[in-house]
Amino acid sequence: MSVVVEGKNIIRDYHIPGGFMRPARTVRAVKGISFSVELGKTLAIVGESGSGKSTLARIIALIDQSSGGELKIEGKAIDIAKQKPTREMRSKVQMVFQNPYGSLNPRQKIGDVLMEPLLLNTDIPAAERRRRAEEMLVKVGLPAEHFNRYPHMFSGGQRQRIAIARALMLKPTLLVLDEPVSALDLSVQAQVLNLLRDLQEEFNLAYVFISHDLSVVRYIADDVLVMNKGEAVEQGSREELFAAPKHPYTRELFAATPITDIEAIRERVARRKAMRAATA
Ligand SMILES: Nc1ncnc2c1ncn2[C@@H]1O[C@H](COP(=O)(O)OP(=O)(O)O)[C@@H](O)[C@H]1O
Ligand SMILES: [Mg+2]
């Protein structure tokens with residue numbers, strides 16, 4: 001067992017400046033959250049919109065600073081309020097967002113998108129950068145020949161594959177995924193979730209997977225943390241949580257969400273693929 005990321009009592013306050021007749025105030029978006037994720041495992045963070053999931057995700061991904069608590073990556077304490085994380089530390093943790101189009105430059109070829117992290121963070125020569133980018137394209141299920149294409153030539157699901165490929169270029173140990181499939185059609189969601197599972201196995205990645213969708217969480221998670229208004233109201237293994245949600249908020253969340261069966265969708269997609277392969 002090897003813990004990749006550990007958070008203890010993480011807090012985040014937002015200071016909202018005052019205005020005319022309106023006093024400044026502080027909003028505590030994350031109210032003391034603790035968790036840990038091991039190599040090769042997925043912690044899903046689930047909760048309604050506004051519960052503080054993205055705020056916590058950005059802290060774990062070393063993009064934003066916390067207002068209190070302790071964050072350790074591979075056993076090393078990190079406080080980005082005090083000091084910038086080293087390059088090495090930054091490369092260990094990568095983030096994937098809900099809308100990959102926002103993070104892809106429309107004028108940048110996909111190959112350049114993938115090679116850029118290597119160019120900025122390593123001394124790897126150009127030919128090797130290209131080789132690794134092409135290899136990663138294939139690993140996320142895209143042909144290496146797509147190297148010279150632009151983002152607009154891809155579908156939403158393909159763009160998310162590209163964003164995932166880019167996140168993996170520096171060989172991270174932890175991926176923080178903030179609603180990575182929420183903008184995709186259900187059948188495409190299942191494909192991207194399958195890909196994430198395969199990549200996790202191949203690279204022994206730890207995932208912090210943010211979602212508001214319980215069917216997605218049930219499919220991907222080993223452990224689940226339920227957030228409500230900045231607090232962790234329930235935490236445990238996926239089996240425990242789905243078998244018997246304890247907290248009233250979790251029960252309410254379960255009751256309010258129709259759980260589509262991602263497993264069934266996945267089988268349907270696989271069957272269709274097999275049929276197409278057989279007739280081709
Ligand atoms: N930059 C910010 N400034 C002030 N308040 C913010 C900021 N970002 C988020 N918040 C507030 O923090 C709370 C949690 O937001 P967020 O982390 O985005 O939740 P979620 O991802 O679960 O929808 C919300 O009340 C939101 O309005
Ligand atoms: Mg969010």
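Once a new chain begins, its residue numbering starts again from 1 and follows that chain's sequence as written. Chain letters start at A and ligand numbers start at 1, both assigned in the order the entries are written. Side-chain atom pairs in this predicted model are given and counted only at pLDDT of 80 or more, local residue features only at pLDDT of at least 70, and totals for whole chains, interfaces and linings cover all residues. Note that the side-chain values use all heavy atoms of the structure and ignore hydrogens as well as water.

- As named in an unreviewed UniProt entry, the protein chain is ATP-binding cassette domain-containing protein, taken from Paracoccus aestuariivivens.
- UniProt positions are given in the numbering used here, feature names are shortened, and annotations may be inferred rather than shown by experiment. Among the UniProt annotations of the protein chain, the heading Subcellular location (unreviewed entry) holds the following wording: "Cell inner membrane".

Describing the overall build of the protein chain
- Each helix is a run of DSSP H or I of at least 4 residues and each strand a run of E of at least 2, with the numbering of both proceeding from the N terminus. Counting its regular elements, the protein chain contains eleven helices and ten strands.
- Since a compact globule built from 280 residues should have a radius of gyration of about 19 Å, the 20 Å found for the protein chain is in line with a globular shape.
- C-alpha atoms of the protein chain, sized along the principal axes, occupy 60 × 45 × 45 Å.
- Any two residues whose heavy atoms approach within 4.5 Å at even a single point are treated as in contact. The contacts of the protein chain with a sequence gap of at least 6 include a subset with a gap of at least 24, amounting to 69%.
- Carbon and sulfur atoms provide 49% of the accessible area of the protein chain, an area that totals close to 14,500 Å². Atoms considered for the radius of gyration are the C-alpha atoms alone. The globule rule reads 2.2 Å times the number of residues to the power 0.38. In short, Shrake-Rupley with a 1.4 Å probe defines the accessible areas, and a residue's cover is counted only from the protein chains shown.

Some thoughts on the pairing of strand S10 (residues 231-237)
- For two strands to be treated as a pair, DSSP must find no fewer than two bridges joining them. The pairing of strand S9 (residues 223-228) with S10 spans six bridges and is classified as antiparallel. Across the sheet, the residue bridging to Asn228 is Glu231, located in S10.
- Taking the residues that link successive antiparallel strands as the turn, the S9-S10 hairpin has two residues, and the phi of Lys229 there is positive, at about 50 degrees.

As for the site of ligand 1
- Close to ligand 1 lie Tyr14, Ala29, Glu48, Ser49, Gly50, Ser51, Gly52, Lys53, Ser54 and Thr55.
- Gly52 has a polar backbone atom sitting 3.1 Å from an oxygen atom of ligand 1.
- Pairs of N or O atoms are called polar contacts if they sit within 3.5 Å, as long as, within protein, a hydrogen donor faces a hydrogen acceptor (for residues adjacent in sequence, only side-chain-to-side-chain pairs). A distance of 2.8 Å separates an oxygen atom of ligand 1 from a polar side-chain atom of Lys53.
- Relative to its unbound accessible surface of 560 Å², ligand 1 loses 59% to contact with the protein.
- Ranked by residue count, the leading element in the shell around ligand 1 is helix H1 (residues 53-60), at three residues. Throughout, near means a residue has at least one heavy atom within 4 Å of the molecule or strand.

Considerations on the nonpolar core
- In plain words, nonpolar cores are sets of buried Ala, Val, Leu, Ile, Met, Phe, Trp, Tyr and Cys residues tied together by side-chain atoms within 4.5 Å. Partly exposed describes any residue whose relative accessible area lies between the buried limit of under 20% and the exposed limit of over 50%, with all areas from a 1.4 Å probe on protein chains only and scaled to the type maximum. Leu114, Ile162, Ile164 and Leu196 are the most contacted members of the largest nonpolar core, which totals 37 residues.
- Sorting the residues of this core by element identifies helix H4 (110-121), helix H5 (126-139), helix H6 (156-168), strand S7 (174-178), helix H7 (186-203), strand S8 (206-211) and helix H8 (214-220) as the ones contributing at least two each.
- Non-local contacts of Ile164, meaning those with residues more than four positions away in its chain, are made with Val96, Val192, Leu195, Leu196 and Leu199.
- Counting residues in hydrophobic clusters, the runner-up holds 28 residues, among them Val4, Ile10, Val93 and Val208.

Re the UniProt feature "domain: ABC transporter" (unreviewed entry) in the protein chain
- Following the UniProt record, the feature "domain: ABC transporter" (unreviewed entry) maps to residues 5-254 here.
- Between the first and last C-alpha atoms of residues 5-254 the distance is 28 Å; the span itself is 38% helix and 27% strand.

Focus: H6
- Every helix has an expected span of 1.5 Å times one less than the residues it contains. Over its 13 residues, H6 runs 19 Å from end to end, which matches the ideal 18 Å to within 8%, given 1.5 Å per residue.
- Where burial is concerned, most of H6 is hidden: ten out of the 13 residues are buried.
- Within the sequence span of H6, burial applies to Gly157, Arg159, Gln160, Arg161, Ile162, Ala163, Ile164, Ala165, Ala167 and Leu168.
- The inward-facing, buried residues of H6 contact strand S6 (93-96), helix H3 (100-103), H4, H5, S7 and H7.

Considering the sheet that holds strand S1 (residues 3-16)
- The strand order across the open sheet formed by four strands is S2-S1-S4-S5, and the pairing between neighbours is antiparallel. One side of each edge strand has no neighbouring strand; the edge strands of this open sheet are strand S2 (25-38) and strand S5 (76-78). On average, each strand axis in the sheet is tilted by 25 degrees relative to the strand beside it, whichever way the strands run.
- In the sheet, strand S4 (residues 68-73) pairs with S5 via three bridges, with the strands oriented antiparallel. Note on S5: the bridge partner recorded for Leu71 is Ile78. Axes, fitted as lines to C-alpha atoms, cover a helix only where it is in contact. Angles between the N-to-C directions of the axes lie from 0 to 180 degrees.

Regarding the side chain of Asp178
- Mapped onto the fold, Asp178 is located in strand S7.
- We treat Lys and Arg as the positive residues and Asp and Glu as the negative residues; His and chain ends play no part in the count. Salt bridges are counted wherever a side-chain nitrogen of Lys or Arg sits within 4 Å of a carboxyl oxygen of Asp or Glu. Although Asp178 is buried, it forms no salt bridge, and the closest oppositely charged side chain is Arg58 at an N-O distance of 5.6 Å.
- At a separation of 2.6 Å, a polar atom in the side chain of Asp178 contacts the side chain of Ser54.

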